[in-house]
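Coordinate inspection notes
Given next are the chains, with one letter for each unit.
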Amino acid sequence: MTYREPRSGEEGPHTLYDAGNIARDYRMASWQKYFSHFWGPANVSAVSKTAFDATVESHQVGNLRLNKVRFKGQEIRRKSGYSELLDGSFHALNIVHKGEGTLTKGSTKTNVRAGDMLFSSSPKGNVFSVPGDFVATQLMIPTEVLSNYIPNTPEVILFHDRASSFKMSMLSCMLEQLTAAGASQEVDPDSARLIEKHILELLALAVEKEDCVPVSDETSVRFAHRLRIQRIIQENIGNAELSPGLISGLSGLSESYLHRIFNASGQSLMQTVRQLRLEKARDLLAADAQPRLSMGEIAYRCGFASHSSFTRSFHNHFGVSPKDMRRSL
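Residues numbered from 1 in each chain as written. Predicted model: local features only at pLDDT ≥ 70, side-chain atom pairs only at ≥ 80, totals over all residues. Heavy atoms only, no water.

Within a pair of aromatic rings, the relevant descriptors are the distance that separates the centres and the angle that separates the planes. Counted according to the given criterion, the structure contains 15 aromatic pairs. Aromatic side chains Phe-35 and Trp-39 sit 4.7 Å apart centroid to centroid with 35° between the ring planes, which places their arrangement in the tilted category. Of this pair, Phe-35 and Trp-39 both sit in helix 1 (residues 24–39), four residues apart, which is roughly one turn of the helix. By way of ring pairs, the aromatic residues Tyr-17, Trp-31, Tyr-34, Phe-35, Phe-38, Trp-39, Phe-71, Phe-128 and Phe-134 are connected into one cluster. (Phe/Tyr/Trp six-rings, centres within 6.5 Å; stacked < 30°, edge-to-face > 60°. Helix = DSSP H or I, 4+ residues; strand = E, 2+ residues; numbered from the N terminus.)

As structure tokens, then:
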């Protein structure tokens, strides 16, 4: 498991990068190329030439990528862009074991230290500054996979002291064991899919509850309720009668409180229902199952009252008809 410059299509389930194996004059350029391949386009600068160092040991588990990462003395400026490795946008859960760092997105700064877990999205640029040694276990999750478990996730979530949360402590232990075993043990595809499902369900359960703090003006309690409601909507997306009253009964929250939660987030409850219906319809249009579903069946499965109302709503939201969307996918 030694590193060479990545080439498209050649990524294996296990890789190891060690900047110490690269000649000093080429070390920074090599690390920047590797980082950009894994996490998206970035500029990397060192606090000092003698302080700079980096290693990454990476294992693939289903659609997920599990990394053991060590940085030392650097500032990483990620540009807007996608990971070549995952062929798209992703979310990253970082379990910090040693050191501290600062993540800057726009005008928001989030400080992390040993014991914290930082959950962030990739599409927008950011700056991550590490003054000294920084060691973390990182889980990279393709956004399209994560959205099946946690829809509309905020850009940054910080979990303080994972040991205080039973669910996050369980997830941390699971990821650590997978990291330790990954280099020496192959995981068959069926087992990998099952492990992936358990990891994402456990993460979704932790995020839905009050164990985390969204880095925004939204309180953690409202944030947790909003994510739970979104999952309830997804689970009942085919019900054309899905209404605030029905959602209130399923969630145990009053209708007035539901409206306050969603209005404060910038999107009303029923706007959220409509968006999730349309996103589900788009996913069904892209599915490669045979025979392909008819437009009427997709409208029915996504809870639209009629084929015409589905087509009208889809065009208004995406700017193209469902048929044209299917042709382009």
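That covers the picture; the talk isn't over yet.
With that out of the way, let us pick up helix 1. Relative to the 22 Å expected for 16 residues at 1.5 Å per residue, helix 1 spans 23 Å between its end C-alpha atoms, a close match to the ideal helical length. Looking only at helix 1, the buried set comprises Arg-27, Ser-30, Trp-31, Tyr-34, Phe-35, Ser-36, His-37, Phe-38 and Trp-39. Phi turns positive, to about 105°, at Gly-40, one or two residues after helix 1. (Expected span 1.5 Å × (residues − 1). Buried < 20%, exposed > 50% of the residue type's maximum accessible area, 1.4 Å probe, protein only.)

Attention now goes to the confidence of the model for the protein. Of all residues in the protein, 86% attain a pLDDT of 70 or more, and the chain-wide mean is 83. Within the protein, no element has a lower average pLDDT than strand 11 (residues 213–214), which sits at 51, and none a higher one than helix 9 (residues 295–301), at 93. Low pLDDT, under 50, characterises residues 1–10; the stretch is placed with 15 contacts to residues that sit more than four places away or in other chains. (pLDDT = per-residue confidence, 0-100. Contact = heavy atoms within 4.5 Å.)

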